[in-house]
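# Summary of structural features
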Amino acid sequence: MNLRKRHRGASAEVHTSAMNDIMFFLLLFFLIASTVTNPNVVKLMLPKSSSGQSVSKKTINVSIDKNLNYTVDKKPTPVDQLQPTLQSYKSMATELTIVLYVDRTVAIQDVVQVMDIAQKLNIKMVLATEPKG
């Protein structure tokens, strides 16, 4: 029986500097990727339908700047052509929603004018705001 102290062999060392670089890049990638994704998405398991019909929903942006220039989906539109333009969008989609972006210096009468047109065409409207802070 050998009772002498055993001679220890070479100690094992793990160099992690390369792994630290990889982990840093992965962390950076996931941080950037998380800012691109939409955090307000709720994942749902939707029911199935035998008819397979879906409702077409469309959102268009209407904006009024401080000089009373109207734009519909980034296309300049004169105020007298606003109703026919919105009517053409209404014919393309069954459910249409207008997101109205208005400069804070625009008179309320100009906003109400666009709201009246949307009401006549039976289009839903949302007024875009900026969060406080």
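All residue numbers refer to position in the chain's written sequence, counted from 1. Per-residue local features are limited, in this predicted model, to residues with pLDDT of at least 70; the limit for side-chain atom pairs, both in listing and counting, is 80 or more; totals at the level of whole chains, interfaces and linings are taken over all residues. Note: side-chain values were computed over all heavy atoms of the structure, leaving out hydrogens and water.

A separate point is the overall build of the protein. For helices the rule is a DSSP run of H or I covering at least 4 residues; for strands it is a run of E covering at least 2, with both sets numbered from the N terminus onward. Assigned secondary structure in the protein consists of 3 helices and 5 strands. Throughout, exposure labels follow a simple rule: accessible area from a 1.4 Å probe, protein chains only, divided by the maximum for the residue type, with under 20% read as buried, over 50% as exposed, and the rest as partly exposed. For the protein, the residues scored as buried account for 17% of the 133 residues in total. A separation of at least 24 residues holds for 69% of the contacts in the protein among residues at least 6 apart in sequence. Shrake-Rupley sampling with a 1.4 Å probe provides the accessible areas, and residues are treated as covered by the protein chains on show and by no other component. Carbon and sulfur atoms make up 58% of the accessible area of the protein, which amounts to about 11,900 Å² in all. Residue contacts are defined here by distance: any two heavy atoms, one from each residue, within 4.5 Å place the two residues in contact.

Here we take up the pattern of salt bridges. A carboxyl oxygen of Asp or Glu within 4 Å of a side-chain nitrogen of Lys or Arg is what we treat as a salt bridge. Considering all chains together, one arrives at 1 salt bridge under this definition. Across the pair Lys124 and Glu95 runs a salt bridge, and its minimum N-O distance is 3.8 Å. You can see Lys124 sitting in strand β5 (residues 124-127) and its partner Glu95 sitting in strand β4 (residues 95-102), a full 29 residues away along the chain.

Here we come to the sheet that holds strand β3 (residues 75-77). Two strands are said to pair when DSSP picks up at least two bridges between them. Strand order in the open sheet formed by 5 strands is β3-β2-β1-β4-β5, and the pairing between neighbours is mixed. Each edge of the open sheet carries a strand with a single partner, namely β3 and β5. Here the strands of the sheet are splayed against their neighbours by 30 degrees on average, with no regard to which way each runs. Of the pairings in the sheet, the one linking strand β1 (residues 57-64) to strand β2 (residues 70-72) comprises 3 bridges and is antiparallel in character. Note on β2: the bridge partner recorded for Ile64 is Tyr70. Working convention: axes come from line fits to C-alpha atoms, limited for helices to the stretch in contact. Angles between N-to-C directions cover 0 to 180 degrees. Against the sheet, helix α2 (residues 82-92) touches β1, β2, β3 and β4, its axis set at about 10 degrees to β2. Helix α3 (residues 108-120) rests against β1, β2, β4 and β5 of the sheet, and its axis sits at about 175 degrees to β4.

Across 4 bridges, the pairing between β4 and β5 is parallel. Bridge pairing in β5 links Ile98 to Met125. Handedness of the β-α-β unit built from β4, α3 and β5 comes out right-handed. With the strands aimed away from the viewer, a crossover counts as right-handed if its path from the first strand over the helix to the second runs clockwise.

Moving on, we come to unusual backbone geometry. One non-glycine residue with positive phi stands out, namely Asp73, at about 50 degrees. Structurally, Asp73 can be placed in the loop between β2 and β3. Owing to a relative accessible area of 23%, Asp73 belongs among the partly exposed residues under this scheme. With a phi angle near 65 degrees, Lys74 is a residue other than glycine that sits in the positive phi range. Within the secondary structure layout, Lys74 lies in the loop between β2 and β3. Looking at Lys74, the relative accessible area reads 81%, which means it is exposed.

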